[in-house]
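The lines below spell out each chain.
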Amino acid sequence: MIKIAILGYGTIGSGVVEVLNTNSESIAKRAGDEIEVKYILDLRDFPGDPMEDKVIHNYDVIAEDPEIQVVVEAMGGVEPAYTFVKRALLAGKNVTTSNKALVAKHGAELIAIAREQSINFLFEASVGGGIPIIRPLNSSLTADEIEEITGILNGTTNYMLSKMTFEGLEFDDVLKDAQSRGYAEADPTADIEGYDACRKIAILTSLVCGQQVDFEDIYTEGITKITADDIKYAKAMGRVIKLLATSRKTEEGYCAMVAPFMLSQQHPLYSVNDVFNAIFVHGNVLGDAMFYGSGAGKLPTASAVVADIVDIAKHLHKNILISWSSGKMDLVDKRKAQSRFFVRAAEGREQVKAVFPEAEFVEVPEITGETGFLTALMTEESFEEKAAALKDIRQRIRVV
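Note that the structure is predicted; figures quoted are calculated from it, not measured.

Cut-offs used in this document
- Every chain is numbered independently, its residues counted from 1 as its sequence is written.
- A pLDDT threshold of at least 70 governs which residues receive local features in this predicted model, and a stricter bar of 80 or more applies before side-chain atom pairs are shown or counted, although totals over entire chains, interfaces and linings include all residues.
- Calculated side-chain values reflect all of the structure's heavy atoms, with hydrogen atoms and water omitted.
- Each aromatic pair joins two rings of Phe, Tyr and Trp (for Trp, the six-membered one) with centres within 6.5 Å, and gets the label stacked for planes under 30 degrees apart, edge-to-face for over 60, and tilted for any other angle.
- Ring-over charges, as used throughout, are those where CZ of Arg or NZ of Lys falls within 6 Å of the ring centre and within 35 degrees of the ring normal.
- A helix here means a DSSP run of H or I that spans at least four residues, while a strand means a run of E at least two residues long, and both kinds are numbered starting from the N terminus.
- Only protein chains enter the accessibility calculation, which uses a 1.4 Å probe. A residue is then buried if its area is under 20% of the maximum for its type, exposed if over 50%, and partly exposed in between.
- By the criterion applied in these results, polar contacts are pairs of N or O atoms within 3.5 Å in which, for protein atoms, one can donate a hydrogen and the other can accept it, and in which residues neighboring in sequence qualify only through two side-chain atoms.
- Any pair of residues with heavy atoms lying within 4.5 Å of one another is described as a contacting pair.
- In what follows, a disulfide is any cysteine sulfur pair within 2.5 Å.
- One bridge is not enough; two strands pair if DSSP finds at least two bridges between them.
- To get an axis, a line is fitted to the C-alpha atoms, and for a helix only the part in contact is used. The angle between two axes follows their N-to-C directions and goes from 0 to 180 degrees.
- We define a nonpolar core as any set of buried Ala, Val, Leu, Ile, Met, Phe, Trp, Tyr and Cys residues linked to one another through side-chain atoms lying within 4.5 Å.
- Every case where a carboxyl oxygen of Asp or Glu lies within 4 Å of a side-chain nitrogen of Lys or Arg is listed as a salt bridge.
- Throughout this description, any angle smaller than 35 degrees is read as roughly parallel, any larger than 145 degrees as roughly antiparallel, any in the 65 to 115 degree range as roughly perpendicular, and the remainder as oblique.
- Two helices cross in a left-handed way if the nearer one is turned anticlockwise from the farther one by less than a right angle. They cross in a right-handed way if the turn is clockwise.
- Given a helix with a known number of residues, its expected span is that number minus one, times 1.5 Å.

Novice: Help me understand the packing of aromatic side chains in this model?
Specialist: Given two aromatic rings, one states the distance between the centres and the angle between the planes to describe the pair. For the coordinates displayed, the defined rule picks out eleven aromatic pairs. Taking NZ or CZ as reference, Arg199 lies 4.1 Å from the ring centre of Phe215, over its face. Lys334 extends its terminal NZ or CZ atom over the ring of Tyr219, reaching a point 4.3 Å from the ring centre.

Right under this line is the structure:
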């Protein structure tokens, strides 16, 4: 029997217990042994809960118990999660986590400790919730050079943009709706400013290039400036606006970014709506592949955590190689990235044409007093230089 400890009995921690109980028989068959929750670490008590007798408040009990072979970190945040996870690994205990903040900041170090101990540190649920993407990148796609990963990696912002598209609502209204439904936190900053998606694309890029990509180095732009008028222009062009986290391999290195993009109907992520996530991968041998599903939520995320537990059970005392070193990867300056841009400016067409001679104008009859247009393909640096010649740019959204 494999005995595990769960750190944190919130949404994900309780979900792990539920998944283990619901599918106990099939999980045991796949793991090759029964899995038992011995401890649940939490600051709170849970009177009346079926697992109340498993709840403890002292992490030392877990760290010092030789029977615990797997620790499930479901607390979130960097501390004390980092301290607890590192201590578990140094004590020879395998760890799985859904904590993107922890993995993005300390992933390389924790992977190295696990390798030295001949155990495993797995984190499938840290990106894409229930969507399998870490394991495919680490095993199924190892024959490929991954040239691009682009994803809708945050369900909250995707829900909000979908709502704005389908119902014509303004940002503040859809944010209140998302909060009332439990899709957005009381403090939604991490989601709406793109920080959540940024950490996830940092993890994916680190796995692809095999080096540490610091999320602080990734240009990140959220959706707070997207308006109902922007949505109207997008519809007039047959496009939708999505918050994308993208990483591309260029001749100079990897270029990563999080920002709103206008997508054409031909783009593989065009039809990904509501709280769903999707990740588009392009390999030099494979070509295009898509991973789609529930990017968050209690049971989908818990399912990915339990899949890691099963993988650990099948590889006890044997490290699963993950190529992610602590050597830092310097990203290509985003100003060298190329894109088309949709622009809303106060100037008239003649003034716009003088600056952007290849501009394609976009009309929305009910919007007056401004000029909407698409630029030609150009670098970010070139766009910034040209745009400085226009006095009043009200919006700029990248277009793919």
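Additional details are given in the paragraphs that follow.
Novice: Would you mind going over the side chain of Asp196 with me for this structure?
Specialist: Assignment of secondary structure puts Asp196 in helix α10 (residues 195–209). Look at Asp196 and you get buried, because its relative accessible area is 8%. In this structure the side chain of Asp196 is engaged in a polar contact, spanning 3.1 Å, whose partner is the side chain of Lys100. If near-sequence neighbours (up to four positions away) are discounted, Asp196 is found in contact with Lys100, Leu153, Asn154, Ala190 and Asp191.

Novice: Can you help me understand the state of the cysteines in this one?
Specialist: One way to say it: the disulfide is the covalent bond shared by the sulfur atoms of two cysteines. Taken as a whole, this structure holds zero disulfides when the rule is applied. Residue Cys198 stays outside any disulfide, its sulfur separated by 13 Å from that of Cys255, the closest cysteine. Take Cys198: its relative accessible area is 3%, and that puts it in the buried class. Of all cysteine sulfurs, the one in Cys255 lies closest to Cys209, which takes part in no disulfide; the gap is 13 Å. Judged by relative accessible area, Cys209 falls into the buried class, the value being 17%.

Novice: Looking at this structure, how should I read the sheet that holds strand β3 (residues 55–56)?
Specialist: What links the strands of a sheet is backbone hydrogen bonding, and the strands pair in either a parallel or an antiparallel sense. With parallel pairing, the six strands of this open sheet are ordered in space as β3-β2-β1-β4-β5-β6. Each edge of the sheet is formed by a strand with only one pairing partner; in this case those strands are β3 and β6 (121–122). Relative to strand β5 (residues 94–97), strand β4 (residues 68–73) is paired through four bridges, and the arrangement is parallel. Bridge pairing in β5 places Glu73 opposite Thr97. Set on the sheet, helix α1 (residues 11–22) makes contact with β1 (2–7), β2 (35–41) and β4; between it and β1 the angle comes to about 150 degrees.

Novice: Is there a simple way to explain the nonpolar core in this structure?
Specialist: When a protein is soluble and globular, its nonpolar side chains tend to lie buried together. Core analysis: the largest hydrophobic core is formed by 117 residues, its most contacted members being Ile4, Val16, Ile62, Phe121 and Phe123. Not counting chain neighbours up to four residues away, the residues in contact with Phe121 comprise Val85, Leu89, Val95, Thr97, Val103, Gly107, Leu110, Ile111, Ala114 and Ile322.

Novice: What's the story with the pattern of salt bridges in this structure? I'm lost.
Specialist: Any two side chains of opposite charge can pair if their charged atoms end up close together. Tallied over the entire structure, the rule returns 35 salt bridges. Two residues, Glu25 and Lys29, come together in a salt bridge whose shortest N-O distance is 4.0 Å. Here Glu25 pairs with Lys29, and both are found in helix α2 (residues 24–31), just four residues apart, close to one helical turn. Arg394 is paired through a salt bridge with Asp392; the nearest N and O atoms lie 3.7 Å apart. Taking relative accessible area as the criterion, Arg394 reaches 41% and is therefore assigned partly exposed. Linked by salt bridges that have partners in common, Asp229, Asp230, Lys232, Arg344, Glu370, Asp392 and Arg394 make up one network.

Novice: How should I be thinking about the packing of helix α5 (residues 100–117) against α10 in this particular structure?
Specialist: In a packed pair of helices, the relevant descriptors are the angle between the two axes and the axis-to-axis distance. Between α5 and α10, whose axes approach to 9 Å, the crossing angle comes to 45 degrees. The angle between α5 and α10 places the two elements in the oblique class. Where α5 crosses over α10, the handedness of that crossing is left-handed. Side by side, α5 and α10 meet where Lys100, Ala101, Val103 and Ala104 of the first sit next to Asp196, Arg199, Lys200 and Ile203 of the second.

Novice: Can you walk me through helix α7 (residues 155–167) in this structure?
Specialist: Helical periodicity: at 3.6 residues per turn, an α-helix aligns residues three or four positions apart in one direction. For α7, with 13 residues, the first-to-last C-alpha span of 18 Å sits near the 18 Å given by 1.5 Å per residue. With respect to burial, α7 is a largely interior element, eleven of its 13 residues being buried. Contacts from the buried residues of α7 go to β7 (146–152), α8 (171–180), α9 (189–192), α11 (228–236), β9 (240–249) and β11 (276–283). The N-terminus of α7 is capped by Asn154, whose side-chain oxygen sits 3.2 Å from the backbone nitrogen of Thr156.

Novice: How should the environment of Asp330 be read in this particular structure?
Specialist: The topology assignment puts Asp330 in the loop between α12 (298–314) and β13 (338–345). Judged by its relative accessible area of 58%, Asp330 is exposed. Separated by 117 residues in sequence, Asp330 and Val213 have C-alpha atoms that sit 7.3 Å apart.

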